[in-house]
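Residue-level listing of the chains:
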Amino acid sequence: MNDVKLAVLGGEGTGKSALTVRFLTKRFIGEYASNFESIYNKYLCLEGKQLNLEIYDPCSQLWKAKFSLTSELHWADGFVIVYDISDRSSFAYAKALIYRIRELQSSHCKRAMESAVLLVGNKQDLCHVREVGWEEGQKLALDNRCQFCELSAAEQCLEVEMMFNRIIKDILTNFRLKEKRRPSGSKSMAKLINNVFGKRRKSV
Ligand SMILES: Nc1nc2c(ncn2[C@@H]2O[C@H](COP(=O)(O)OP(=O)(O)OP(=O)(O)O)[C@@H](O)[C@H]2O)c(=O)[nH]1
């Protein structure tokens, strides 16, 4: 069974819990306790694989203060970055988060693969008071090698499910690529033995 760890990050009140709870229970509850952080667990089957999914939903007030993201980057296989399309400041915050993720990855683990990141413009049902254009979201995502979508946790159950499935599939693709890059234990051991003893045999 594959373990998949996903962190849902973004500004305060952007709908991180609403999206997570919608995905896990198919329900939109409206108000969520925001004074504690949660790690949710869900077993699911995707692309014929059994997955143990963990979703980290931080407490915004506590989390904002640290912003270092280093522990999240070590923990998570992928990120859903949420902003509210009716709140420009939340878009600026999402942008800062994406920059920080990419910056940390390029400075700390140059040879490692970039994490899967999906940028979500939530609260699409509030498009009459929209402050962030669809194109802006799309451009930010493209410029930083992220996926992008706009949706409404309040009104779109299926889209929320598709969004989570999309990022999980990206994470699984990264797992497969990582696996391909790493020589398997037995192969590399065989290579080593061959290098040491193979050469000697030739010279005797
Ligand atoms: N109109 C609308 N409201 C939404 C939507 N998603 C969430 N909300 C509302 O936005 C508010 C904040 O939602 P939360 O899910 O608590 O947001 P959060 O990002 O987890 O909040 P913090 O953890 O406090 O940062 C709540 O009143 C939700 O009902 C949406 O798609 N449309």
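To be clear, the structure that these remarks concern was listed above.
Criteria and cut-off values
- Residues numbered from 1 in each chain as written.
- Predicted model: local features only at pLDDT ≥ 70, side-chain atom pairs only at ≥ 80, totals over all residues.
- Heavy atoms only, no water.
- Near = heavy atom within 4 Å.
- Polar contact = N/O pair within 3.5 Å; in protein donor to acceptor, adjacent residues only side chain to side chain.
- Areas by Shrake-Rupley, 256 points an atom, 1.4 Å probe, with all protein chains shown as cover.
- Helix = DSSP H or I, 4+ residues; strand = E, 2+ residues; numbered from the N terminus.
- Nonpolar A, V, L, I, M, F, W, Y, C, P; charged D, E, K, R; others polar.
- Pairing = 2+ DSSP bridges.
- Buried < 20%, exposed > 50% of the residue type's maximum accessible area, 1.4 Å probe, protein only.
- Expected span 1.5 Å × (residues − 1).
- Lys, Arg positive; Asp, Glu negative; His and termini not counted.
- Salt bridge = Lys/Arg side-chain N within 4 Å of Asp/Glu carboxyl O.
- Contact = heavy atoms within 4.5 Å.

Caption draft 1: Expanded view of the site of the ligand. In the vicinity of the ligand, 21 residues are found, and the nearest of them are K16, A18, G30, S60 and D125. Between the ligand and the protein, one listed contact pairs an oxygen atom with a side-chain N or O atom of E31 at 2.9 Å. Here the ligand, which alone exposes 650 Å², has 85% of that area covered by the protein. In terms of residue count, the dominant contributor to the shell around the ligand is helix 1 (residues 16-25) (three residues). A per-class count over the shell around the ligand returns six nonpolar, 10 polar and five charged.

Caption draft 2: Layout of the pairing of strand 1 (residues 2-10). Two strands pair when backbone bridges link them, and strand 1 and strand 3 (residues 49-57) are joined in this way by six bridges, in the parallel orientation. Paired with K5 across the two strands is E54, which belongs to strand 3. Taken together, the five bridges between strand 1 and strand 4 (residues 78-84) define a ladder with parallel strand orientation. Counted as the bridge partner of L9 is I81 from strand 4.

Caption draft 3: Geometry of helix 1. The buried count for helix 1 comes to eight of 10 residues, which makes it a mostly enclosed element. If you check which residues of helix 1 are buried, you get K16, S17, A18, L19, T20, V21, R22 and F23. In the segment just after helix 1, K26 is the residue with positive phi, at about 70°.

Caption draft 4: Representation of helix 6 (residues 157-181) in the model. An ideal rise of 1.5 Å per residue puts 36 Å on 25 residues; helix 6 measures up with 37 Å between its terminal C-alpha atoms. Among the residues of helix 6, V160, M163, F164, N165, I167, I168, I171, L172 and N174 are the ones counted as buried.

Caption draft 5: Representation of the side chain of K16 within the structure. Mapped onto the secondary structure, K16 falls in helix 1. Although K16 is buried, it makes no salt bridge; D57 carries the closest opposite charge, 5.6 Å away. At a separation of 3.4 Å, a polar atom in the side chain of K16 contacts the main-chain carbonyl oxygen of G10. Once residues within four sequence positions are removed from consideration, K16 is found in contact with V8, L9, G10, G11, D57, P58, S60 and V82.

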